[in-house]
Each structure stands twice: as structure tokens, then as C-alpha cells.
Amino acid sequence: MFVSRWRGSGSSGQVLLPEAVQIITCIFAKFPLILFRSVNWDDPDRRLEWYHNTSSILQAGPCIRSNQLDFDEEVMFKSTRYLYSAARRKPSDRPFCLTVSLTHPHDPYTIHKKYWDRYENEDIPMPDVVIPDEEQDPHSQRLLHVEGLKAERPPDEAILRARRAYFGAVSYVDDNVGRLLEVLKECGMDEDTIVIFSADHGDMLGERGLW
């Protein structure tokens, strides 16, 4: 979504750039694109310590607190405080550029009960695409091995809990984006601020047997 204050077109018809436009970049994962995700095919069975495993699926559900909730709430506090400080500046001051980097939605698949309950009695779908192990491509077979999914395939009930928690985490992000937009509006900065929503990747959530 882009919202900005434009100066309009010049006499020759060219489009002029904004005179002073603030930018908020909402990048909803704190992990950068990292080169070591490339597979070492000389040692394909090696499991790096940061790899996912089935525990995040088997233990999925509501929580009171998590490291990710603590992190994201601190991000939101500092981000809103920054916006209020920016609103106090003189209009002639330099425009701001703010990065709001949230970890949600991300495994482990836990979320506060408020957002878990939001999907109570909802029809959470199971994965649509199921591929037998022997028909998986080599990279997917490797992931299934190093993440422990070949040795311990999650039961349906755990898959539904994990997907429900992930849906709740998406709603958590939606609410936080709404908080930022509300602050911009109440400070009178919503008409000349560009908001860029981005993410580093999605989640398989059990599609093709992968997480």
C-alpha cells in the first residue's frame, strides 16, 4: 500500500517527485536473505543447528508469552514512539525512513490465546498437496530428512493446531500494521507517508509435506 503527498505534474506534463515523503518499511521477518541457505550437496544429510524440526508442529498451540511476542512488542513500542517523535518535528525537517521488522508469522507455531481464540470453531483446512516421499524432488527429500519429517510425520491434529496458530499470527501482524496506520493518521502523517509491506518468505504449512 502506498500513500503519499504529491506535487502533481509540471507544465510540460512530467510527473514531479514528492516534495517530502516519509517512508515506513514493514519487513515482517527479522531474518535477512542469507547465502548459507544454499545446499552443500557434498554433505546433504547434515542438519544445521538452526534447522526447523517437528517439535514446533507437535507443540503448536496457544501461549502466554514467547520470545517472538516479546521481540515484536518491543519493536512496536519503539516504532510507535519513533512516529510520535517524528510528528513533533518541524515540517521543514528531513523526512524519516523507519523499518519495522516483526518476526511473526513464523514458527514455532504458538500465538497468544487472544489470537488463537479468534479461530475457534473455524474450518482450518488441511494441506491440499500431498506427495509420497519417493516422488519428492531431491531437495524436498533432503528437507524432510534433516527436519526429521521422514522419521516422525506429524499427525493431522498437530497439523491443524500449527496452521491455526499460524493464522492467528497473521492476524497479530494485521493488527500491528493497523496500529501503525492509526498512529500515522492521528498524527496527521497518513497523507504523505509511503508504507511498504514486505516479507522474506512464506510458509509451506504442510503443503507437499514440507514446513
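These lines cover the structure that appears in this document, whether it is placed above or below.

## Things to note about the packing of aromatic side chains
Here is step 1 of the chain: Taken as a whole and judged by the stated rule, the model has five aromatic pairs.
Here is step 2 of the chain: Ring geometry for tyrosine 109 against tryptophan 211: centres 5.5 Å apart, planes inclined by 65°, an arrangement best described as edge-to-face. One end of the pair, tyrosine 109, is in the loop between strand S3 (97-101) and strand S4 (110-112); the other, tryptophan 211, is in the segment after strand S5 (193-198), and 102 residues separate them in sequence. This pair shows no difference in class: tyrosine 109 is buried, exactly as tryptophan 211 is.

## What about the pattern of salt bridges?
Here is step 1 of the chain: On inspection of all chains with the given rule, the structure shows ten salt bridges.
Here is step 2 of the chain: Notably, a salt bridge pairs aspartate 117 with lysine 113, separated by 2.6 Å at the nearest N-O pair. In this pair, aspartate 117 and lysine 113 both sit in helix H3 (residues 113-117), four residues apart, roughly one turn of the helix.
Here is step 3 of the chain: On the basis of relative accessibility, which here comes to 31%, the residue aspartate 117 falls in the partly exposed class.
Here is step 4 of the chain: Residue arginine 163 pairs with glutamate 207 through a salt bridge whose shortest N-O separation is 3.9 Å. Here arginine 163, found in helix H5 (residues 156-186), pairs with glutamate 207, found in the segment after S5; they are 44 residues apart in sequence, far enough to count as distant.
Here is step 5 of the chain: Each of the salt bridges in this network shares a partner with another, and the network as a whole consists of Arg65, Asp70 and Glu73.

What counts as what
Residues numbered from 1 in each chain as written. Predicted model: local features only at pLDDT ≥ 70, side-chain atom pairs only at ≥ 80, totals over all residues. Heavy atoms only, no water. Phe/Tyr/Trp six-rings, centres within 6.5 Å; stacked < 30°, edge-to-face > 60°. Helix = DSSP H or I, 4+ residues; strand = E, 2+ residues; numbered from the N terminus. Buried < 20%, exposed > 50% of the residue type's maximum accessible area, 1.4 Å probe, protein only. Salt bridge = Lys/Arg side-chain N within 4 Å of Asp/Glu carboxyl O.

Keep in mind that these numbers describe shape and distance, not what the molecule does.
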